[in-house]
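# Topology and contacts: notes
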Amino acid sequence: QVQLVESGGGMVQAGGSLRLSCAASGRTFSSYHMGWFRQAPGKEREVVAHISSSGSRTYYADSMKGRNTISRDNAKNTVYLQMTSLKPEDTAVYYCAAAGRPLYSTNYHLLEGYNYWGQGTQVTVSS
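Scope of this entry: the structure provided in the associated data block.

Moving on, we get to the overall build of the chain. Helix and strand counts for the chain stand at zero helices and eleven strands. Against the compact-globule benchmark of 14 Å for 127 residues, the chain has a radius of gyration of 13 Å, which places it among compact chains. Principal axes of the C-alpha set define a box for the chain whose edges measure 40 × 30 × 25 Å. Within the chain, contacts between residues at least 6 apart in sequence are counted, and of these 58% link residues at least 24 apart.

This next bit is on the sheet that holds strand S8 (residues 78-83). One open sheet accounts for four strands, arranged S1-S3-S8-S7; its pairing is antiparallel. A strand with exactly one partner marks an edge of an open sheet, and here the two such strands are strand S1 (4-7) and strand S7 (68-73). Strand-to-strand twist in this sheet, taken as the mean axis angle between neighbours without regard to direction, amounts to 15 degrees. Where S1 meets strand S3 (residues 18-24), four bridges bridge the pair, whose relative direction is antiparallel. Bridge assignment links Glu 6 to a residue of S3, and that residue is Cys 22.

Thresholds, definitions, all that
- Every residue gets a number counted from 1 within its own chain, in the order that chain's sequence is written.
- A pLDDT threshold of at least 70 governs which residues receive local features in this predicted model, and a stricter bar of 80 or more applies before side-chain atom pairs are shown or counted, although totals over entire chains, interfaces and linings include all residues.
- Heavy atoms throughout the structure, all of them, feed into the side-chain values; hydrogens and water do not.
- For helices the rule is a DSSP run of H or I covering at least 4 residues; for strands it is a run of E covering at least 2, with both sets numbered from the N terminus onward.
- Only C-alpha atoms enter the radius of gyration; for comparison, a globular chain is expected to reach 2.2 Å times N to the power 0.38, where N is the number of residues.
- Only heavy atoms matter for contacts: two residues are in contact if any of them lie within 4.5 Å across the pair.
- Being paired, for any two strands, means DSSP has found at least two bridges between them.
- Every angle, taken between N-to-C directions, lies between 0 and 180 degrees, and every axis is a line fitted to C-alpha atoms, over only the stretch in contact when it is a helix.

What follows is the structure, encoded as structure tokens:
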């Protein structure tokens, strides 16, 4: 059982930056592979980034490639998403998710690969 709580969302102007945090419960956090997803109104939830349990491997979806960085601090049971050069089309609810076992890189985008989800945090980018 893992509890995930996102924070750091808000409203920013286009071109601005935000740092999202996801705090996880439990002493087994270091064994989980973590993903960031987002969902805009009327659209399906999509993967933004993924990081392996050790932090040695990262993945970024094309939608934000070059404009975001995923990282984790296992000592703090926290995963981060640093977003820069934000655009209005980045407006969405952002979720973090935990996977209890490794995922093939081709499956990072699959919702069913993740066992736990946070409640989401709203990111709004104004033009």
